[in-house]
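Topology and contacts: notes
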Amino acid sequence: MPTSSSPATSGGVVLIDPRGPRFAAAITSAVLAGALLAGPQYGLLLLVVQACAFGAGSLLGLRYQPYGWVFRRLVRPRLPEPPELEDERPPRFAQTVGLGFAVLALIGALAQLPALFYAATGLALVAALLNAVFDFCLGCELYLLGRRLSGRHAASGAVSR
């Protein structure tokens, strides 16, 4: 089983516990809901925190995403082994999409464009809630759709144990 210092790989693809991104989405939902409720002026700090979390997951990989770290260190040791691991690339792409929305929301807050702040934060929140509540990763589905449309092989990403 991979640890935070040595992730599992299959053919050079980093494999992750599929419960980690769902856990991260729950925390993301709480942070984004707080930012949305606080508004552009007072929610700015929460939005910066979330943008940094998205940035770490997107640019460095999910093992560097802070909510994923909490999952691996505090939650996963208390859970049974997952029946399968999944490809890191779709959830990592979802982090990139989230980062894009967070940046738009930050621009809206800083440029005093509240409609942009609320729309971008709200869309990111909806995507995070879909993952946290229904285990439906919208960004992952977009990644897989892009792979299919580009003619590249788009496997489910799951690897049985």
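Our subject is the structure that appears above.
Structure report, in brief. These numbers were taken from a predicted model, which means no experiment stands behind them. (Residues numbered from 1 in each chain as written. Predicted model: local features only at pLDDT ≥ 70, side-chain atom pairs only at ≥ 80, totals over all residues. Heavy atoms only, no water.)

**What about the packing of helix α4 (residues 89-110) against helix α6 (residues 138-149)?**
The contact between α4 and α6 brings their axes to 7 Å, and the two run at 110 degrees. Relative to α6, the element α4 lies roughly perpendicular. α4 and α6 meet at a crossing whose hand is right-handed. In this structure, α4 uses Arg89, Pro90, Pro91, Phe93 and Ala94 to contact α6, whose residues at the interface are Gly139, Cys140, Leu142, Tyr143, Leu144 and Arg147. Across the contact of α4 with α6, the residue classes break down as 8 nonpolar, 1 polar and 2 charged. (Axes fitted to C-alpha atoms, helices over the stretch in contact; angles between N-to-C directions. Helix = DSSP H or I, 4+ residues; strand = E, 2+ residues; numbered from the N terminus. Parallel < 35°, antiparallel > 145°, perpendicular 65-115°, else oblique. Left-handed = near helix turned anticlockwise from the far one by under 90°. Contact = heavy atoms within 4.5 Å. Nonpolar A, V, L, I, M, F, W, Y, C, P; charged D, E, K, R; others polar.)

**Structural notes on unusual backbone geometry**
Phi at Gln112 is positive, roughly 55 degrees, even though this residue is not glycine. Turning to its location among the elements, Gln112 is positioned in the loop between α4 and α5 (114-134). For Gln112, a relative accessible area of 69% corresponds to the exposed category. (Buried < 20%, exposed > 50% of the residue type's maximum accessible area, 1.4 Å probe, protein only.)

**A closer look at the nonpolar core**
Here is a general trend for soluble globular proteins: nonpolar side chains tend to be buried in one another's company. In this structure, Leu32, Leu47, Ala105 and Phe117 are the most contacted members of the largest nonpolar core, which totals 13 residues. Of all the secondary structure elements, the ones that give two or more residues to this core are α2 (44-60), α4 and α5. (Core = buried A, V, L, I, M, F, W, Y, C linked by side-chain atoms within 4.5 Å.)

**Examining the environment of Val31**
Mapped onto the elements of the fold, Val31 is located in helix α1 (residues 19-42). With a relative accessible area of 14%, Val31 lands in the buried category. Residues Val31 and Gln50, spaced 19 residues apart in sequence, show a C-alpha to C-alpha distance of 6.9 Å. Ignoring anything within four residues of it in the chain, the contact list for Val31 reads Leu46, Gln50 and Tyr67.

Remember that the coordinates give geometry; whether it matters functionally is a separate question.
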